[in-house]
Structure formats: C-alpha cells, structure tokens
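# Coordinate inspection notes
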Amino acid sequence: MKQEQNQTLDRLMTSYVTFICSHPWKIVLTALILTLIALNYTTKLSIKSDFAELLPEGYRSVQDLKRLTARIGGIGDLTVVIETEDLKAGQKFADDLAVRLRDELPDDFIRFIQFKLDEEREYYENNQFLYAELEDLEEVYDRLRRQIQREKLEANPLFVSEAALGLDDGDEEEEPFDLTDIEEKYAGKASEKLEKWTDDYFVGNDEHGQFLVMRLKPYGTSSGVSFSEDLCNRVQTIIGGLNPTSYSSDMKVGLTGKYRLVLDEYASVREEIFGTALFTVLLVSLSIYVYYRTLIPVVNISIAIGIGILWTFCITYFHIGYLNTQTAFLGAIIVGNGINYGLILMARYKEERLSGRDAFDGTMIAFKNTISATVTSSISTGIAYGMLMITDFKGFNQFGFIGGLGMLLCWSATFTILPALLILWDRNSYGRESWTRHETRASIFTPVADLVIRMPQKMVGISASLVVVSFALLIWWLPNSFEYDFSKLRNDPRAESEARILNGRVNRLFGISQTPAVILADKLEQVEAIKDKLMEKIAAEA
C-alpha cells in the first residue's frame, strides 16, 4: 500500500514538473498577472501605528477608550502655531482663521477651538466666588449669620437694644454687613491667573522668536491616520487660503500636536519598512551572488520570494485590512526565512547540471529530492508562526497569521515559478554556462572543519558550556525583560521634524504636555475617591 502511494505521488510530481517545464512562459505570465493584482491590493494596506491597535476589541481598556472618545472626543489636539514678530498681525490672523475653520470644516471634525481667553476670563469673573478659599467661605458664613441674627432682633417689637437702655458704653460699634474686602480679594484673581497671556491670546516668546498658539480639539481619534491626514490637509488648505504673509511678511504658520505628530510617526514607519526591506534584500542578494558567482540565482530567488511576499500581503489586505508596527516589518523577516527553499532547490539543480544532466532532468531530480525536506520545513515554520494566533494580543495574533502564511506562499512560489525560470534560463548560452561552470571555492573555513573533525568532543563540550551559560543569563534577565513604559515602544524618528520642534515649544509655553492622561469616572461621587487615590500615589512617589 505504501509503495503504491509513493508511486502515485511520484507520478503526480512527474506530471507537475513536466507541465511546468513544457509551459514555462504560461507559468511565469500567470504568476505575473496574479502578482500585479496582489501588488494593487498590497499598496492599499494602511499602517496603524497606535499602540491601542494591538489590543483586542473586547479588552476593558479598549472599551473605555471608545467610551472616552464618545464623550470628550479624541485625546490630544491639533495645534496651529503662528510665528511672527508682529503681535497684532498674528492676533488678526488667529481671529480670521478661527472664523474660517468654524465655517469651512465639517461639523463632525472639531469640537472647539481655543486660542484666546476672553470666554475663560468672563466665566471666571462671573463665577469668581466658586473658587473662594475655605476660610473665606467660613468668614462670609459668620458675617451672614450675625447679620441675620441682628435683623431678626430688630424686627422683634419686644426687643430693646442695649443703647436704648443706656447700657451701651459706646466702645464697641456694630459693624454693618459688608463683603467688600472679600470681593476685592477675588476681583483680581482672574487677572492673576491669566496675566501671563498677552491680550488674552496664547502668546509665547523663546529663542526661536514670538509665536501664537491655537488649539483645535477634534472629535476623531489621532490613531486613525486617515482622519488625522484629512484634518491636517483641510486645515492647511484653509491656512493657505488666508495667505499668512499678507498679514505680515515674516509670518509662518505650522501644525503640531498629536494629530500632526502621528503623521510624522506614520511616515517614519513607512520609511523604516522600505529601508529595512531594501537592506535585507541587498544583503541576501549579495550572499547568493558570493556563493553562486553569477546573477541568475539572485534574479531567480528575488522573483520567487517577491511574488510570495506580494501574495501574502494581498491576502492580508482581505483578511486583516492593515498592518501594525510589528507586522509592518514582516516583509524583511519573510525574505530571510523564505529564501531557504529556493537556495536548496537551486543548489541541488546545480549539482545535477554539473554532473552532466540537462535542464529538464536536473529540474526533475532537484524537485523530487528537495520537496519533502522543504515542505516539512515550510509547514513546521508556518506552525511556529501560527502558534502566535492563539493569543488575544493582536500584535502577536496578526504577526503569526502573516508570518505563517508567508512561509507557505514563499514555498509555493519557489516550487512553481522557480522551475519555470530555470528552464527559461537554459534556453540561452549565458544561462547554461551559469549552471555548468565549475567555480573555485575559498578554503578559509577548511581549518575550522579540520578542527571539528580532529576534536569533536572538545567542540561539543565548548558548545554545551555556552548553552549552560546562556541559559543562566536568560534566567537572570527574564524577570526584568518586559518594557512597561509604552512611550519607549513608539517609533522614534531619527531627525527632529518641524512639527516636533513646534510641539516642544508649545509644551514649554503651557508647562505641561498637551496629551494628558484621562481618568473617566462613571459617577460624580467617584471623583473624590479617585482624586484621593491619585494624591496618595503622588505623595508616595515624591
């Protein structure tokens, strides 16, 4: 039974390879068409760089974030920085820009615009006693209580004052009810709190010059790159329409804040993806060229692996729809792992060609003698990646899906397209000579091989010792191996962009970060308990 199964499998492989070798152009053109379709969808993959995108939808933290966004909008803001030495021109531009933003932006884009403090000042002045200190409130209460008692006594027809009885010596005079001193104390409080701002505008002045700040509070979240990009483009268009230099020749207007910085982070991730992938491909290509001393294997493997990767990301587009900061770099990892199948197949093919067999026989023998090992390697590697899919954390889950799929598709591309390419290259003299030319290999590793042969026990002992030391270091390092500061997990661009420089200036102006942490209380009575816990934690860490 087993022999019959092996014979059936051998006939299937023979038919498969024969078809590929008989119709190499059909195989290559079909693969090209499918790859062009895959390329179209691969380019549509977006990258979500926010850490929240790695968490499962059902997690409490994710649900709380959604509730928070629904109640107060996105966390952070889009900040407009107006740089000019002409303060009045900057204020006029800010006023005009605020009007245009309210009129031209859709209603579901901006919750409010904050750039001057006239409303805050008016509110504080109208409600200044809401901010009275406890001792002043107690004093007002005592004065009011005494005045009420006095009024009650005077309204009583049976009441006779000490003065009417001649018992008042005149030393103590009744003080009339008056709160003038307390009113005067709080009358200037608004000015004291807001006195740092020039003409009630957010104006700063540092080593770079004078600038005004406008803060836009959006409804959408900054983790949505498409929303952030649309918002920034719309605001930039409105700014351009006002022509800032018409207000002052030195005026420059820039954008910063979380909604602008997320675009810099997104662009940086994209650059890193292409840079990493290109560097990986160059190193892999160089290693292949050094081994084979010809460009044909480099071209063959590059085509096969490139097709496998594009097929992988095409399916990813339909299954997931986007990449995160972890899966975005899987292209380079898949190249490093998926290249092995082509190397094994071509190495065996070269051996057969050097022994005198033609392209068809060489392809057939190479295919049959490498398929078992490579398919086993592909499946086992795919399973290793796939084990990550059982986790709830989307960073690992999606990494496992894309990595496992990539291994299988790279193997499929290698054992479908690579045989066709080998046959096509054999149809010209350059291709035939590349596989039948004997190369002189360097012998720099010969002493190492001799050492292993002469002292196998010592080599095993050294290796075992290194394993033990490594295991001990792993145990020591593992408890402190996790990074809990999420700010260190974000992408760190190599160069300071204009938006980051402006963000630093704005943070120094206000003295605090413009993306604070938010604690969402469900009930008003919870606020005091939350505040007490926070104060305890602050005191403990002080």
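Residues numbered from 1 in each chain as written. Predicted model: local features only at pLDDT ≥ 70, side-chain atom pairs only at ≥ 80, totals over all residues. Heavy atoms only, no water.

### Quick notes on the overall build of the chain
The following threshold applies: Runs of H or I in DSSP of at least four residues are treated as helices and runs of E of at least two as strands, each being numbered from the N terminus. Relative accessibility thresholds used throughout: buried, under 20% of the residue-type maximum; exposed, over 50%; partly exposed, between the two (1.4 Å probe, protein chains only). Residue contacts are defined here by distance: any two heavy atoms, one from each residue, within 4.5 Å place the two residues in contact.
If you tally the helices and strands in the chain, you get 19 helices and 7 strands. Looking at the chain as a whole, 38% of its 542 residues qualify as buried. Look at the contacts in the chain between residues 6 or more apart in sequence, and 82% of them connect residues 24 or more apart.

### Quick notes on a nonpolar patch on the surface
For clarity, the threshold we go by: Only residues whose relative accessible area exceeds 30% and that take part in no salt bridge are eligible for patches, with like-charged residues grouped when within 9 Å of each other and nonpolar side chains (Val, Leu, Ile, Met, Phe, Trp, Tyr) grouped when within 5 Å. Note that accessible areas follow from Shrake-Rupley with a 1.4 Å probe, and for residues the cover is restricted to the protein chains shown. We define a salt bridge as a side-chain nitrogen of Lys or Arg found within 4 Å of a carboxyl oxygen belonging to Asp or Glu.
Together, Val 469, Phe 471, Leu 473, Leu 474, Ile 475, Trp 476, Trp 477 and Leu 478 make up an exposed nonpolar region whose accessible area comes to about 900 Å². Locating Trp 477 in the fold gives a position in helix H17 (residues 456-477).

### As for unusual backbone geometry
Backbone geometry at Asn 243 places phi at a positive 55°, although glycine is not the residue there. Secondary-structure assignment places Asn 243 in the loop between helix H9 (225-242) and strand E6 (252-257).

### Observations regarding helix H12 (residues 330-354)
To keep it simple, the criterion reads: A helix is expected to span 1.5 Å for every residue after the first. To get the bend at a residue, fit one axis to the 7 residues ending there and another to the 7 starting there, then take the angle between the axes.
Look at H12: 36 Å from first C-alpha to last across 25 residues, which is about the 36 Å you get at 1.5 Å a residue. By the largest-angle criterion, Gly 336 marks the main kink of H12, which is about 30°. Gly 356 occupies a position one or two residues after H12 and carries a positive phi of about 105°.

### Focus on the pattern of salt bridges
Taken as a whole, this structure holds 16 salt bridges when the rule is applied. Glu 83 is paired through a salt bridge with Arg 505; the nearest N and O atoms lie 2.8 Å apart. Here Glu 83, found in strand E2 (residues 78-83), pairs with Arg 505, found in helix H18 (residues 498-510); they are 422 residues apart in sequence, far enough to count as distant. As far as burial versus exposure is concerned, Glu 83 and Arg 505 are alike and both buried. Among the ionic pairs, Arg 145 bridges to Asp 142, the shortest N-O distance being 3.8 Å. Here Arg 145 and its partner Asp 142 are both found in helix H6 (residues 134-155), 3 residues apart, which amounts to about one turn of the helix. Classification of Arg 145 as partly exposed rests on a relative accessible area of 41%. Exposure remark for Asp 142: the relative accessible area of 27% places this residue in the partly exposed category.

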